[in-house]
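Structural description and commentary
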Amino acid sequence: MKVLSTRLELINEFNEKEMNSVIIRWLKGNEPCKAIGTEYENTVDKSAVHLTDEYCLIDTFKTRNESGDYFLFKFEQTYYEQIWITEIILKSTDAEKVLYIHVKCNGDTTRFEKVPIIRTDIIRAFIDSKYIKPTAIPITAQPVYTTEEMKDLIVDAVNGNYQLTMPMVFATKIFDSAGYEIDIDNLARRLAGMAYIVAENEDGYFDCLKDISSNVIRNINDAPNAKIKMKYIWYANYYNRAVKKLKQCYQTGLLIDMTQFK
């Protein structure tokens, strides 16, 4: 069962050496993986590795075809009756560097309601490495607060012209309050690299968006019939629901918190 996937565009200077350095820091920073992480670090040729210890397994593979050069790192960890598989694939061409991260779970998936934190730690490790290619909204593990420069982008999204490659969660403030309906810090950490978490920063920002948007939803109950090109509207503060929704709208969808559309 695939739990989550993401695609990250990287700066052109990124290569296998940088990829391995991030992976090694991730492994050695988690006690159950520290031994095999050290062994991988000490392996000179990392192009065709097969390492095992009591609970973990590492395999690497390199290949080339007409679309580019590929380096695959595969990590398996046994956790009770489950086997968690993390695949990290680097695609390199003269024009781009792209990282694909897939997380899967084989075995009994009924014992836990959410993905163990370690499974998204690897995504945050790459984001924190500063190798991520700059985008119109920063890809980060913290909420991105609205600015004047973002208005056109958010309005385009609400009007059905969303162009970014990852879904957006737009969290508006609770009416007459400085708080939010959702835990924006926790959500940004959990969904780093899978969605942009954009939070209203100043009073009146949201009202301005309503004034200049042509496709405002006036009632959250009208959302399923809205004439907006979005796959999902975000309104629940639950990580599992977020991942489910992200699966259905990844790359083309838009998640947006419409709690202030009354």
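Note: the structure precedes this text.
For every chain, the first residue of its written sequence is number 1, and the numbers climb from 1 along that sequence. At least 70 in pLDDT is required for a residue's local features to be given in this predicted model, at least 80 for side-chain atom pairs to be given and counted, and no such filter applies to totals for whole chains, interfaces and linings, which use all residues. As a rule here, side-chain values come from all non-hydrogen atoms in the structure, and water together with hydrogens is ignored.

**Examining the overall build of the protein**
Counting its secondary structure elements, the protein contains 7 helices and 9 strands. By residue count, 48% of the 262 residues in the protein fall in the buried class. In this description, accessible areas are obtained by the Shrake-Rupley approach with a 1.4 Å probe, and a residue is regarded as covered only by the protein chains that are shown. For the protein, the exposed surface amounts to about 13,500 Å²; the carbon and sulfur share of it is 47%. Only DSSP runs of H or I covering at least 4 residues are called helices, and only runs of E covering at least 2 are called strands; the numbering of each starts at the N terminus. Only protein chains enter the area calculation, which uses a 1.4 Å probe; residues under 20% of their type maximum are buried, those over 50% are exposed, and those in between are partly exposed.

**Points about unusual backbone geometry**
The phi angle at K130 is positive, at roughly 70°, despite the residue not being glycine. The topology assignment puts K130 in the loop between α3 (118–128) and β7 (144–145). Overall, the relative accessible area of 68% leaves K130 in the exposed class.

**Some thoughts on the side chain of N20**
Structurally, N20 can be placed in helix α1 (residues 16–28). For N20, the contacting residues outside a window of four places in its chain are Y40, K46 and F71. The contact rule is simple, with two residues in contact once any of their heavy atoms fall within 4.5 Å.

**Some thoughts on the sheet that holds β7**
Strands are treated as partners if at least two bridges between them are detected by DSSP. Here we have 3 strands laid out as an open sheet, ordered β7-β9-β8, and parallel in their pairing. Where the open sheet ends on each side, the last strands, each with one partner, are β7 and β8 (168–171). Direction of pairing for β8 relative to strand β9 (residues 196–199): parallel, over a ladder of 4 bridges. Across the sheet, residue V169 finds its bridge partner in β9, namely I197.

**What about the pattern of salt bridges?**
A carboxyl oxygen of Asp or Glu within 4 Å of a side-chain nitrogen of Lys or Arg is what we treat as a salt bridge. In the structure shown here, the tally under the stated rule is 9 salt bridges. K62 is paired through a salt bridge with E16; the nearest N and O atoms lie 3.1 Å apart. Linking K62 in strand β3 (residues 56–65) with E16 in helix α1, this pair joins segments that are 46 residues apart in sequence. Accessibility expressed as a relative area gives 40% for K62, which makes it partly exposed. Sharing partners across several salt bridges, the network here consists of D121, R124 and R189.

**Quick notes on the packing of aromatic side chains**
Classification of ring pairs rests on two measures: the distance between centres of Phe, Tyr or Trp rings, Trp counted by its six-membered ring, which must be within 6.5 Å, and the angle between planes, read as stacked under 30 degrees, edge-to-face over 60 and tilted in between. A complete count under the given rule lists 4 aromatic pairs for this structure. Centroid distance W26 to F75: 5.5 Å. Interplanar angle 75°. Geometry classified as edge-to-face. Taken as a pair, W26 in helix α1 and F75 in strand β4 (residues 68–79) lie far apart in primary sequence, 49 residues in all. Among the aromatic residues, those joined into a ring-pair cluster are F14, F126 and Y131. For K46, the ring lying beneath its charged end belongs to Y40, and the centroid distance is 5.5 Å. For a ring to carry a charge above it, either NZ of a lysine or CZ of an arginine must fall within 6 Å of the ring centroid while also lying within 35 degrees of the normal to the ring plane.

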